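Close look at the chain arrangement
Each chain, letter by letter, is given below.
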Amino acid sequence: MTEPSIIAPKRCGIYTRKSTNSRLEHEVNSLTTQHEICSAYISSQRYRGWMALPRRYDDGGHSGSGIERPALAALMHDIEAGEIDTVVVYKIDRLTRSLADFVRLVEIFDRRGIGLVSVSQAFDTSDSMGRMILNVLLTFSQFERELIAERVRDSIRTRKRHGRMHGGLAPFGYEYRGGELEIVEAEAEIVRFIYEAFLRLGTFTAAMTAVREAGFCTSLKSLRNGSVRGGRPMSAGSVYNILQNPIYVGEIRGHDRTWPGRHKPIIDRTTWDATSLLAKARKRKGPASLGTDHFLAGLLWDDLGRHMLLDANWIDGKPYHFYISSNAQWSQAEYRRAYRTRADRLDAVVLASAEAFLADRGELRTALKTHGLFGDDLDRHAMWGKRASERLAGVPAEQRSQLFFALLEGVEISAGAVTLHVRLIELVRFLEWEGQGAFVGRPADWPTSKARHAIKVPVSVISPERWPVFTVQPCEPSSRRKPNKQLTLLLRSARAAQQFMEKNRDLELAGLAKGFGRSPGYFSRLIRLNYLAPDILTAIADGTQPPGLDRSTLASAHIPLDWAVQRRMFGFPEPRRPVSPRNLFGRGMWPTSDG
């Protein structure tokens with residue numbers, strides 16, 4: 001008698017999608033209907049070991065034209081974690097309406113051994129016929145989506161040709177009355193003030209300052225869901241958009257031209273023409289149009305969360321490029337100074353750090369394990385690291401931007417470190433890359449994996465202050481004590497060892513130690529004493545070091561290069577903030593013209 005075969009359970013993840021937000025707040029909506037139909041189908045396959053997972057993957061209000069959707073990203077994350085065997089959808093266009101995106105998703109499903117089932121369209125993705133039917137269905141879905149997009153675009157163009165806005169909130173200075181734009185006189189006065197200030201002061205920044213000093217706020221707009229938006233102080237972007245919007249001169253901006261509007265203008269044609277000429281003259285030519293090879297623009301953020309932009313200063317006809325923190329409104333309100341760093345120097349640090357990371361087999365293996373590689377796959381990819389490092393160094397300068405945009409999710413800059421956040425799904429592809437052509441990322445695959453690896457490089461490339469900063473604070477006479485003679489002699493020996501090494505750079509460690517009359521281990525520890533933090537050295541000279549710090553402790557310690565770690569090791573407090581002209585006054589307590 002044969003034993004009954006045991007059917008392994010097949011875990012099914014149900015994915016649902018709805019393009020609009022309509023009726024999502026209702027208890028029963030399209031997502032609920034799709035989920036119930038898929039659940040019933042899975043129940044009918046229970047004899048095959050199918051079981052529905054309790055977690056729901058519902059994307060409400062998301063189009064099928066792309067795959068940047070939170071529930072789909074969660075689904076792909078669970079697939080990578082090995083928690084799903086089959087993806088079940090009501091119709092295949094619920095998953096995606098793009099043939100290119102569908103091909104990428106199927107590649108991922110095949111790589112992980114994941115089945116795909118459409119309840120209302122019977123097919124099997126395991127054979128070539130099923131794949132062909134699936135591609136035909138996706139082709140028609142994409143065709144339908146493009147037809148809808150064309151109809152919408154034609155409708156928008158037609159309304160604009162007839163001088164009407166196509167939906168959305170009314171611009172500042174207007175409101176909808178009976179479907180037409182009507183002037184709100186209180187807001188119109190603010191618009192006229194902005195144009196007058198810009199023409200009088202001559203710069204966008206000066207106009208923004210005048211608006212802020214006047215205390216103007218954005219208008220209150222009621223949304224369809226009943227909430228109210230606006231009523232906040234005007235931002236620089238709001239002022240800039242008002243100065244650039246032709247609606248205030250009675251025109252509607254189209255795709256390639258402007259059309260006469262049915263509404264009344266707020267400013268006259270002479271004011272608009274003068275503003276346009278001045279704005280054109282004030283616009284600076286961006287560094288990107290200067291043909292630079294600086295590849296970090298768009299990837300940089302400072303440790304306060306501000307985006308760092310590429311900027312250029314012209315000196316004697318020669319451009320000098322910098323990365324500088326964006327002038328965010330909250331940053332201005334808190335009087336935070338913008339970070340600034342030479343673009344070429346930061347580019348060199350990031351490039352060298354990425355090359356060193358790829359060549360470091362230990363750190364590379366740690367990163368690849370985070371992505372889920374183990375065993376032979378891990379060994380093979382780690383072995384390719386050195387080759388990838390050499391290829392990265394040989395990438396032409398004009399191709400670095402798209403390569404680093406794929407490899408890095410971002411680069412964070414702080415006063416004491418540069419941190420590279422590596423996108424591991426692209427790191428694996430780069431390790432497998434044969435070096436033919438240009439390496440281009442696959443943004444459509446990024447939502448499928450959240451695995452990242454941080455490379456922290458302890459280097460200072462920025463300074464938040466432009467004035468000279470002295471990190472050593474004056475010693476109070478009451479706290480000054482008699483210096484420890486043994487510690488002082490130890491530091492003198494360290495300086496002597498440093499000078500001896502500089503005069504004998506042709507000798508190795510053993511020769512240097514022998515010539516100095518010390519063992520190699522002791523000589524190397526003497527050299528490291530020269531890299532103590534300045535406040536530690538001055539404390540020893542003043543005799544104010546912690547009581548537990550003696551010659552034996554300092555001479556036998558393995559001293560790290562990080563000054564903050566040194567202070568923790570030896571019991572020193574963190575230094576007070578350095579004194580500079582900018583922080584002589586507390587936050588919000590800047591000196592006024594009255595003194």
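How each quantity is defined
- Residues numbered from 1 in each chain as written.
- Predicted model: local features only at pLDDT ≥ 70, side-chain atom pairs only at ≥ 80, totals over all residues.
- Heavy atoms only, no water.
- Core = buried A, V, L, I, M, F, W, Y, C linked by side-chain atoms within 4.5 Å.
- Buried < 20%, exposed > 50% of the residue type's maximum accessible area, 1.4 Å probe, protein only.
- Helix = DSSP H or I, 4+ residues; strand = E, 2+ residues; numbered from the N terminus.
- Contact = heavy atoms within 4.5 Å.
- Axes fitted to C-alpha atoms, helices over the stretch in contact; angles between N-to-C directions.
- Parallel < 35°, antiparallel > 145°, perpendicular 65-115°, else oblique.
- Nonpolar A, V, L, I, M, F, W, Y, C, P; charged D, E, K, R; others polar.
- Pairing = 2+ DSSP bridges.

Right, let's talk about the nonpolar core for a bit. The biggest cluster of nonpolar side chains holds 47 residues, and the ones touching the most others in it are Val350, Phe404 and Leu427. In terms of residue count, the dominant contributor to this core is helix H11 (residues 343-359) (seven residues). Residue contacts for Phe404: discarding those within four places in its chain leaves Phe295, Leu299, Val350, Leu351, Ala354 and Leu392. The next biggest cluster of nonpolar side chains, apart from the first, holds 26 residues, and it includes Leu181, Phe204, Met234 and Ile252.

Another point: the packing of helix H15 (residues 400-407) against helix H16 (residues 424-432). Contact pair H15 / H16: the axes reach a minimum separation of 8 Å and the direction vectors enclose 130 degrees. Here H15 is positioned oblique relative to H16, judged by the angle of their axes. Seen from H15, the contacting residues are Leu403, Ala406 and Leu407; seen from H16, they are Glu426, Leu427 and Phe430. The residue inventory of the contact of H15 with H16, partitioned by class, reads five nonpolar, no polar and one charged.

Our focus in this paragraph is the sheet that holds strand E12 (residues 300-302). The four strands are arranged E12-E16-E17-E18 in an open sheet whose pairing can be described as mixed. Of all the strands in the sheet, just E12 and strand E18 (452-457) have a single pairing partner and so form its edges. Direction aside, the axes of adjacent strands within the sheet are offset by 20 degrees on average. When strand E16 (residues 408-413) meets strand E17 (residues 418-423), the two strands line up antiparallel, connected through five bridges. Its bridge partner being in E17, Gly410 is matched across the sheet by His421. Relative to E17, H16 is tilted by about 75 degrees, and along the sheet it contacts E17 and E18.

A few words on the pairing of E17. Counted residue by residue, E17 has five buried out of six residues, so it is predominantly covered. In textbook terms, the turn of a hairpin is the stretch between consecutive antiparallel strands, and for E16 and E17 this stretch comprises four residues. Direction of pairing for E17 relative to E18: antiparallel, over a ladder of six bridges. Bridging from a neighbouring strand, Val418 pairs with Val457 of E18.

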